[in-house]
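Each chain, letter by letter, is given below.
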Amino acid sequence: MGWRTKFVFLLIVYAAGFATAIYCLAPAPDQTSGRSGDRLLADKSLSSQEFAQSVNSGMHKAIDFSKEAATRAAKMIREKIDEAQSKIER
């Protein structure tokens, strides 16, 4: 990876961190605004069991996605290693 790629990646990470900090430090909207879409999770009538099932489902989806991504990455790395070894043997 060249220095330009590293620099652009660093800028993206820095900007994401800065945006996250601004989002976390921004004042919360008024609760009396009447907008129903901005209600907090506590305002919704979810029971703790439903919430636990929702979180569990999300975690399982994330784990499945990460396993699939790791498998694809391992396959790609193996192909690149085999490619490099075949070039060396020639």
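Refer to the structure presented above.
Residues numbered from 1 in each chain as written. Predicted model: local features only at pLDDT ≥ 70, side-chain atom pairs only at ≥ 80, totals over all residues. Heavy atoms only, no water.

(A) Main features of the overall build of the protein. Of regular secondary structure, the protein possesses 2 helices and 0 strands. The buried share of the protein, taken over its 90 residues, is 0%. Accessible surface computed for the protein: about 8700 Å², of which carbon and sulfur atoms make up 63%. (Helix = DSSP H or I, 4+ residues; strand = E, 2+ residues; numbered from the N terminus. Buried < 20%, exposed > 50% of the residue type's maximum accessible area, 1.4 Å probe, protein only. Areas by Shrake-Rupley, 256 points an atom, 1.4 Å probe, with all protein chains shown as cover.)

(B) Molecular detail of the pattern of salt bridges. Taken as a whole, this structure holds 2 salt bridges when the rule is applied. As a salt-bridge pair, arginine 72 and glutamate 68 come within 3.1 Å of each other at their nearest N and O atoms. Pair noted here: arginine 72 and glutamate 68 are both in helix 2 (residues 48-89), with a separation of 4 residues, about one helical turn. The shortest N-O distance in the salt bridge between arginine 78 and aspartate 82 comes to 3.8 Å. (Salt bridge = Lys/Arg side-chain N within 4 Å of Asp/Glu carboxyl O.)

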